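So the chains spell out like this:
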Amino acid sequence: MRIRPIPPLGSFSSNPPVDLALIHQVLSDDLLFEIFVRMTPYGLGVAACVCRKWRYATRNPVLWQKACLTTWQIFGVEENLQMVRSSYGGSWRRMWIMRPRLRFDGIFVSRNTHLRTGVAEWKVLNPVHLVCYYRYIRFYPSGRFLYKVSPHRLKEVAKYLHGKGSMVNSVYAGRYTLDHNNNQVDATTLYPGLKTVVRIRMRIRSTTEGANNRLDILAIVTSGIQEAEIGGHEEQVLEAVEGWQEDETHNPDVPAVSHKRGLAPFVFVPFHEVETSDLNLPVEKMDFYVPG
Amino acid sequence: MLPGSIQPPKSLWLETADGLQEEVEHEVAMLCPFVYNEVYHQPGKGMTRKTPILLPQQVSMSVLKPILEYCRFHQLPGRSNKERKLFDERFIRLDTKRLCELTAAADSLQLKALVDLTSRALARMIEGKTPEEIRETFHLPDDLTEEEKLEPLRNTTDDPRIRLLNRLYAKKRKELQEKEKLKGINQAELQDERSLEDLLLFINGTGEDSKSRKGGRCKKKRNHRKKKEHSKAEISENASSSKIDPESDDAFTFDTELDGDDDLDPLMKEELDREVEDFARRLNFGWPGRQISRVSSALLIESWGDGNKE
């Protein structure tokens, strides 16, 4: 069975071009769908640029429905269904592109630098140190995230930003919520010792449409919490701090501090770029406009 | 022979699409739902070489061999999961042609597990490549127009363009207002203000026009001619405004510092500038109608130029 390829618009050749693509001769449209359904949404976007047939094949709403329901699974199927009907004209693909979402296929990195005067020693009379440290966040679609603050660079830290948080590597696990009215993400985690809770409020931004690759920090607040409020379950930490004011603290030992420094926006780095990203450059070589 | 005492045959005869017969162990062949159905509906089929089960046309002998190998391996209950995984990994190390044939054959035989395996392998092959690389790997034709190749995640309706244009207009409006204020301090030339207002009206007017026109056409599928008409209006504004950009930016890098903080911070402004120029460049790429728009934009620039002369 030979499938005649669709000639591109505007071609007037008398003999129809033979579609040399073996894949189109051999694979039925159903099988092409089977392949696409096993790809990530960004892979689908790239596939849509390959040829005309694939452009149409990737428009299949089932593919985008699956992508949407996976990404916004913390809201549940019902709410997502309602959203797509009311705000996006029933098009799952449009919701995927236009609605703000967190990206789970990489790590968000916030690079903070400041200057510190040092102690004069030997011949160096007025030393000034450039302090550079990073905040790393990795989100999961289930509502969990991992957080680490470290002076180490991305490619080293990426190796242990997975699984459960570990005390050894000071990777903290927490939970987040997403508010799509104002693109805000509230992430809450508990420091070990169960006395201090860290709340980070961020806003999602995109440099190009649909990229969702920047998180601007609105506030980072550390406050005290009573052990009893959590009851030993870190999943409940979100409910425990719900509705807290910025300066609220439930543990007199730990004052509520809203941090003013180190609030550089998070830049998203997909996993396949972790090794090669510019954020791995040492301080002297780094372009200060990379976080953008 | 009593019907109840029919023994299941030790082997079945299968005939491939290219007319070759193969004798296969019974349990192995029955792993394929296709074969199972054939035997169920036509008992006695496949018993002899002369009456083989006819396999679907996607299954040639060269493809049947690996499929049988797969069935033979997985049919044994005594294999551990790890063993199966290892086998699968090695099994799918084939070139794309073979993989495609294998997928089609497995699908025709209704071997869901194998279809899943091969599809995943093909998906892995596609993922992470650029479109050019994908085309090379699969020998796909490069038949999308330049315009269609832009930004994979862009909407086919023109919503993002409208939004970007709106941002552009808002920004330009703000800059024009500031310029007006400055001019008000320096000189009081009525001529200038009027032309500026005209231009603002013009931008507002056509901006809304093209918006409403777009809204109506949104539902229709891609209609290239109509699109070109709309975009001409957009391009003429964009071309003129993008040409303004370098001038106004030069004038403004000093001015905004005087004014203090803008509504947009300078980084966002830079970004917007970049996006606008990028966008204008891309539009010019895709639309052959720009010849005509150049003329109209030239006329526009004259009036702009007059307004901007200090």
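Residues numbered from 1 in each chain as written. Chains lettered and ligands numbered in written order. Predicted model: local features only at pLDDT ≥ 70, side-chain atom pairs only at ≥ 80, totals over all residues. Heavy atoms only, no water.

(A) The overall build of chain A, seen in detail. The helix and strand inventory of chain A stands at 10 helices and nine strands. When contacts within chain A are restricted to residue pairs at least 6 apart in sequence, those whose partners lie at least 24 apart make up 54%. Total accessible area on chain A stands at roughly 15,100 Å², and carbon and sulfur atoms take up 54% of it. (Helix = DSSP H or I, 4+ residues; strand = E, 2+ residues; numbered from the N terminus. Contact = heavy atoms within 4.5 Å. Areas by Shrake-Rupley, 256 points an atom, 1.4 Å probe, with all protein chains shown as cover.)

(B) Representation of the overall build of chain B. The number of helices and strands found in chain B is 12 helices and three strands. Burial status across chain B gives 43% buried among its 310 residues. Taking contacts inside chain B between residues at least 6 apart in sequence as the whole, the part at least 24 apart equals 66%. Carbon and sulfur atoms form 54% of the exposed surface of chain B, whose accessible area is close to 18,100 Å². (Buried < 20%, exposed > 50% of the residue type's maximum accessible area, 1.4 Å probe, protein only.)

(C) Molecular detail of the pattern of salt bridges. Under the counting rule described, the total for this entry stands at 12 salt bridges over all chains. Put simply, Arg-98 of chain B and Glu-101 of chain B hold a salt bridge, and the shortest N to O gap is 3.9 Å. Remark: Glu-101 of chain B and Arg-98 of chain B occur in helix H5 (residues 96–108); sequence separation between them is three residues, near one turn of the helix. We classify Arg-98 of chain B as partly exposed; its relative accessible area is 25%. Via salt bridges that share partners, Glu-34 and Arg-38 of chain A together with Asp-116 and Arg-120 of chain B belong to a single interconnected network. (Salt bridge = Lys/Arg side-chain N within 4 Å of Asp/Glu carboxyl O.)

(D) Spatial organisation of unusual backbone geometry. Located in the positive-phi region is Trp-122 of chain A, a residue other than glycine, with phi close to 50°. Among the secondary structure elements, Trp-122 of chain A is positioned in the loop between strand S1 (106–117) and strand S2 (128–139). In this structure, Gln-110 of chain B takes a positive phi of about 65° despite not being glycine.

(E) Structural context of the packing of aromatic side chains. Residue and element names in this part refer to chain A. Summed over all chains, the structure comprises 14 aromatic pairs over all chains. Relative to Phe-145, the ring of Phe-139 has its centre 6.0 Å away and its plane inclined at 45°; by these criteria the two rings are tilted. Accessibility classification places Phe-139 together with Phe-145 in one group, the buried group. Three or more aromatic residues link up through ring pairs in this structure, and these residues are Phe-108, Phe-139, Phe-145, Tyr-176 and Phe-268. (Phe/Tyr/Trp six-rings, centres within 6.5 Å; stacked < 30°, edge-to-face > 60°.)

(F) Broad picture of the sheet that holds strand S1 (residues 11–15) of chain B. All names here are of chain B. Pairing in this open sheet of three strands is mixed, and the strands run S2-S1-S3 from one edge to the other. Looking along the sheet, the strands with just one partner apiece sit at the ends: strand S2 (21–25) and strand S3 (53–54). Direction of pairing for S1 relative to S2: antiparallel, over a ladder of five bridges. Bridge assignment links Glu-15 to a residue of S2, and that residue is Gln-21. (Pairing = 2+ DSSP bridges.)

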